[in-house]
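Per-entry structural report
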Amino acid sequence: MTKKSRFLLSIIYDIKLFFSKAILWLTIKFGLLRAIIIVPYNGYGFGNEIFLVGRVLKNNSVAKSTPEDSVWSNIKKMIRRFRTVVIPRVQVKAIFEGQEFTAITNEEGYFEFTICLEKPVQANSEWITIPLVLIDQVVRKQKPVRANAPVYMPAQGVEFGVISDIDDTIIPTGAMRIGEMLKTTFAKNAHSRVPFPGVSSLYSALRTGADGIENNPFFYVSSSPWNLYDFLIELLEIHTIPNGPLMLRDIGLSRTELISGDHEEHKLEQIRKILEVYNSLQFMLIGDSGQEDPEIYLKVVKEFPGRILVVFIRDVHDSRHEFVKEKQAEMNLLGVEMLLIKDTEEAKTFSISKGWILANLT
């Protein structure tokens, strides 16, 4: 990007911030901001470290979907997810094991905690809860704003972890065709958007592994916007796909980028962090051929030798075959198999042959 382009983008971003602040001020001034919520996203941790992200917003009250929802109802709910009024520069307090930690929301309302405790967390289950409290008063007569943040702490003795993409890997999205993607995103809901056949069965089997214990951790790294977080959590639950931390991104305008959060860099950064936190665990990587997953996963294999068990790439676009085969050949030279699979059954069969999952659980 040229110096002139960066300068222009910075001006545009400042204009955007001005309007965001003006909208927030007017919303408060005319009493339209009646309820503020803290939206915590699934965090994760290991030992004495915990990572947690969330957002402070005007409560848009997006109800859960039902199988009977109409297309128009789905569109209205999706618009509400994107029509956010963010609360910047306010303090959020996390309380855990007698200690308090504070974070400040950024210009887009996001906050982030990196909690380092003196001792490892002693958890009775894989999921722990961290209470969050909004410290600052934003509106008059503001009631206490609280939330409980779920944090995933994998149990000891797991066999391997799974890092999976979502769009065109778990659910058909048409990410390479913008019109189809928008139609699918806005017109359908968590019930009507059906995963690829066999995904629930495969992921549940990988969650159980070969020892029969449902404790192998799942992480979902996607370039979908954080606005879709509740929708994606609902989709995983409805279609019985293992729950786990979701690492999405903010795709709004930033001071340095027209669309903030480069797709490839976002995924690489999140996968690196997971592998560094769980530095003694091997992982499977699951993605699709529609975008840059093969190239991203190849970089991960190079950076973390010996840490990747296998790479499964769902074949969703014929024009990408040569690209995938090039990455496949490079990965094979590094001792990691990359499989370009037409359907989920191929991944199941391969996993059974390697002894990673039990045949009677698929």
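Conventions adopted
- Residues numbered from 1 in each chain as written.
- Predicted model: local features only at pLDDT ≥ 70, side-chain atom pairs only at ≥ 80, totals over all residues.
- Heavy atoms only, no water.
- Phe/Tyr/Trp six-rings, centres within 6.5 Å; stacked < 30°, edge-to-face > 60°.
- Buried < 20%, exposed > 50% of the residue type's maximum accessible area, 1.4 Å probe, protein only.
- Lys NZ or Arg CZ within 6 Å of the ring centre and 35° of its normal.
- Helix = DSSP H or I, 4+ residues; strand = E, 2+ residues; numbered from the N terminus.
- Expected span 1.5 Å × (residues − 1).
- Pairing = 2+ DSSP bridges.
- Axes fitted to C-alpha atoms, helices over the stretch in contact; angles between N-to-C directions.
- Contact = heavy atoms within 4.5 Å.
- Core = buried A, V, L, I, M, F, W, Y, C linked by side-chain atoms within 4.5 Å.
- Polar contact = N/O pair within 3.5 Å; in protein donor to acceptor, adjacent residues only side chain to side chain.
- Salt bridge = Lys/Arg side-chain N within 4 Å of Asp/Glu carboxyl O.

Let's talk about the packing of aromatic side chains
Inspection of every chain in the model, using the stated rule, returns 17 aromatic pairs. Summarising the aromatic geometry, the rings of Trp226 and Tyr229 are spaced 6.1 Å apart at their centres and angled 45° between planes, so their arrangement reads as tilted. Classification of Tyr229 by relative accessible area gives buried; the value is 8%. An aromatic cluster is present here, built from Tyr44, Phe46, Phe51, Trp127, Tyr152, Phe219, Tyr278 and Phe283 joined pairwise through their rings. Of note, Arg314 hangs over the ring of Phe196, and the distance from its end group to the ring centre comes to 4.0 Å. Over the ring of Phe323 we find Arg320; its NZ or CZ atom is 4.3 Å from the centre of that ring.

Concerning helix 6 (residues 263-277)
With 15 residues, helix 6 extends 22 Å between its outermost C-alpha atoms, agreeing within 8% with the 21 Å of an ideal straight helix rising 1.5 Å per residue. By the burial criterion, the buried members of helix 6 are His263, Glu264, His266, Lys267, Leu268, Gln270, Ile271, Ile274, Leu275 and Val277.

Some details on the sheet that holds strand 12 (residues 283-288)
Reading across the sheet, the six strands line up as 11-10-9-12-13-14 and stay open at both edges, with parallel pairing between neighbours. Looking at strand neighbours, the two that pair on one side only are strand 11 (246-249) and strand 14 (338-341), the edges of this open sheet. Strand-to-strand, the axes of this sheet are offset by a mean angle of 15°, without reference to chain direction. Helix-sheet contacts for helix 5 (residues 229-238) involve strand 10 (218-225) and strand 11, and the interaxial angle to strand 11 is about 150°.

Regarding the pairing of strand 5 (residues 99-104)
In this structure, strand 4 (residues 91-96) lies alongside strand 5, joined through six bridges in antiparallel fashion. Bridge assignment links Gln91 to a residue of strand 5, and that residue is Ile104. What sits between the antiparallel neighbours strand 4 and strand 5 is a turn of two residues, in which Glu97 has the positive phi angle 50°.

Section: the nonpolar core
Ranked by size, the top nonpolar core spans 37 residues in total, and within it Ile170, Tyr203, Leu206, Tyr220, Leu246, Met284 and Phe312 carry the most contacts. When contributions to this core are tallied by element, the ones reaching two or more residues are helix 4 (199-208), strand 10, helix 5, strand 11, strand 12, strand 13 (308-314), strand 14 and helix 9 (344-353). Among residues more than four places away in sequence, those in contact with Ile170 are Ser164, Asp165, Pro195, Phe196, Val199, Tyr203, Tyr220 and Ile241.

Some details on the side chain of Glu126
On the secondary structure map, Glu126 appears in the loop between strand 6 (110-116) and strand 7 (127-134). For Glu126, the side chain forms a polar contact with the side chain of Tyr152, separated by 3.3 Å. Apart from residues lying up to four places away in sequence, Glu126 is in contact with Val151, Tyr152, Met153, Ala155, Arg207, Glu214 and Asn215.

So, unusual backbone geometry
At Ser61, a position not held by glycine, the phi torsion is positive, near 50°. Along the chain, Ser61 turns up in the loop between strand 3 (49-58) and helix 2 (71-82). At Thr240, a position not held by glycine, the phi torsion is positive, near 45°. Relative to the assigned elements, Thr240 resides in the loop between helix 5 and strand 11. Here Thr240 falls in the exposed class, since its relative accessible area comes to 53%.

Examining the pattern of salt bridges
Counted according to the given criterion, the structure contains 16 salt bridges. A salt bridge links Lys273 to Glu112; the shortest N-O distance between them is 3.8 Å. Highlighted residues: Lys273 in helix 6 and Glu112 in strand 6, separated in sequence by 161 residues. It is possible to trace a salt-bridge network through shared partners that takes in Asp165, Lys267 and Asp293.

Coordinates in, geometry out; function isn't part of it.
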